[in-house]
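Each chain is listed here by its residues.
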Amino acid sequence: MGQDVEHRHFTREDRTRYRAKVRRCLDVFARMLSGHDFSVEHPQVGIEIEFNLIEESGDPAMKNIEALDVIADDDFQTELGLFNIEINVPPSRAAGHGLTALESALRADLNEAQHKATSVGAKLVMIGILPTLRDEHFSADSFSPNPRYHLLSDQILAARGEDIEIVIDGVDRLETTADTIIPEAACTSTQLHLQVEPEDFASMWNAAQAIAGVQVAVGANSPFLLGNQLWHETRIPLFEQATDTRSEELKAQGVRPRVFFGERWITSVFDLFEENVRYFPALLPIVSDEDPVEELEAGRVPQLDELRLHNGTVYRWNRPIYDVTDARPHLRVENRLLPAGPSVVDTLANAALFYGLTTVIGRSERPLWSQLSFSAAEDNFHSAARTGIETDLYWPSVGTVPARELVLRHLLPMAGAGLDQMGVAGEVSGRLLDVIERRCVTGVNGASWLVEEFSQRLERGVDRMNALRSTTRCYEEHMHVNEPVHTWPHG
């Protein structure tokens, strides 16, 4: 949900009007898909990254307003928690040296933001979950002062009808409750955008779903939450539970969660928007003045505000995006399952793997999803979230094999071919995919480095909380050097 809204009370009439308007938007979207030009001459890619803010001690810095004031850059925005901010890197073409330009722009923005934020006692950290978060950071006082966050929290809790329960079994066991959605603020992610044509959308989305487990296995970076060592990518179960609008009874009935992997391969982008409207009641029934039918019949491009807002409150790990830029509509796959970090070069390596694999698999003459069940893709995803780079994954024609072996022997050459199809310069794709290769050879990604660093400090007799603090400080120092995580020494 990216737009600002005012805090308000919604009536039954609001919800009735909104449902009708969303369905009107959906009808117009269907008409546009059959008769409107969504083509783009040069498809673009983009990246959004959420950051945590820390104090010198490594503890969360509840200072995003102060940090954003001094950063004074429109590319940086607030996020849900006072210890979060987000950067939206302007989209660009991936062809040629586009990914290198994206990396350079992100690195420059991060350096500048870090320099300015230190003046107010805050440092920026790219990490899936900040290890030093404690129970007191999960109170309502931790919300950013933007009405949309409080409104969304109120609506989720109202739909649920009871407090949110977080239960995660990993190396340790976490069991806690929350009376707001603030635990979601612990989940800081990297979101990768891939612009596609309508006729290619289904195959590209299916491809993105098929490789979700691979992405999480090599990119996991969230092993700690509230002092507990849990899953390698704890963000996945935390986000699924922190925004769950279902009571236990509704879960037992099979009602779908709003954090949604999906349940089938698709044949059109329309399938996803239609499912969102059919399965999920409104959280924010805000109706705009635009009549999408009038806009379309007048030869203009409708914004489809209600459809977009509703889509933004269904948290698919690969989300379909309809957007309008310079009076032209376009579609994107928004890949939302990766954590932030560990470094900028690691982030771009993760992006290169995603763009390359999605492109080559999505364009394959024999669809991978004709050989891979949807449930197997989902099982891969959750297995990878639990055990990270050492997980075993199922892959057609290969069977169940270690993720590291699958990537090294089969998927890296495919990713290279996909990047070549996108026109990415060979030296660019080679450098970025080499980072993924070395991660798999060494068995070191963000999560495994964090676990090992923390364990060594415990073995030296450091108490648990101070071990988490010093691990976080060490991580932050390495992150800003911008060397890939598999090269990071232990302190």
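Check the entry above for the structure.
What counts, and where the lines are drawn
- In every chain, residue numbers begin from 1 and rise along the written sequence.
- Reporting of local features is limited, given that this is a predicted model, to residues whose pLDDT is at least 70; pairs of side-chain atoms are given and counted only at 80 or more, and all residues count toward the totals for whole chains, interfaces and linings.
- Note that water and hydrogens are dropped before the side-chain values are worked out from all heavy atoms of the structure.
- In this description a helix means any DSSP run of H or I spanning at least four residues, a strand means any run of E spanning at least two, and both kinds are numbered starting from the N terminus.
- Each residue is assigned to one of three classes by its accessible area relative to the maximum for its type, calculated with a 1.4 Å probe on protein chains only: buried under 20%, partly exposed between the two thresholds, exposed over 50%.
- When we speak of the arc, we mean the arc of directions from the helix axis to the C-beta atoms.
- Contact criterion: two residues are considered in contact whenever any of their non-hydrogen atoms come within 4.5 Å of each other.
- Working convention: axes come from line fits to C-alpha atoms, limited for helices to the stretch in contact. Angles between N-to-C directions cover 0 to 180 degrees.
- The labels follow the angle: roughly parallel below 35 degrees, roughly antiparallel above 145, roughly perpendicular from 65 to 115, and oblique for the rest.
- Note on convention: the crossing is left-handed when the near helix lies turned anticlockwise from the far helix by less than a right angle, right-handed when the turn is clockwise.
- The residue classification treats Ala, Val, Leu, Ile, Met, Phe, Trp, Tyr, Cys and Pro as nonpolar and Asp, Glu, Lys and Arg as charged. All others, Gly included, are polar.
- The working definition used for a salt bridge is a side-chain nitrogen of Lys or Arg within 4 Å of a carboxyl oxygen of Asp or Glu.

## Topic: unusual backbone geometry
A cis amide bond links G341 with the next residue in sequence, P342, at an omega value of 0 degrees. Positive phi values are uncommon outside glycine, yet A72 reaches one of about 50 degrees. Residue position: A72 is located in the loop between α2 (64–71) and β2 (76–78). At S397, a position not held by glycine, the phi torsion is positive, near 70 degrees.

## Description of α2
Every buried residue of α2 is listed here: N64, A67, L68 and I71. The buried residues of α2 all sit within an arc of 95 degrees when viewed along its axis, so they share a single face. The inward-facing, buried residues of α2 abut β1 (45–54), β2, β3 (84–92) and α3 (98–117). One or two steps after α2, the chain reaches A72, where phi turns positive at roughly 50 degrees.

## Description of the packing of α3 against helix α12 (residues 344–362)
Where α3 contacts α12, the two axes come as close as 10 Å, and the packing angle between them is 150 degrees. Taken as axis vectors, α3 and α12 run roughly antiparallel relative to one another. For the crossing formed where α3 meets α12, the hand is right-handed. Two secondary-structure elements touch here, α3 through L99, L102, E103, L106, R107 and L110 and α12 through V344, V345, L348, A352 and Y355. Looking at the contact of α3 with α12 residue by residue, the classes come out as nine nonpolar, no polar and two charged.

## Describing the pattern of salt bridges
With the rule as written, the count across this model stands at 32 salt bridges. Residue E306 pairs with K21 through a salt bridge whose shortest N-O separation is 3.0 Å. Linking E306 in helix α11 (residues 305–311) with K21 in helix α1 (residues 12–35), this pair joins segments that are 285 residues apart in sequence. A single burial state applies to E306 and to K21, both of which are buried. Put simply, D244 and K251 hold a salt bridge, and the shortest N to O gap is 3.8 Å. The buried category is assigned to D244, whose relative accessible area is 5%. The network of salt bridges with shared partners includes D59, R134, E136 and R469.

None of the figures reported here should be taken as evidence of function without further support.
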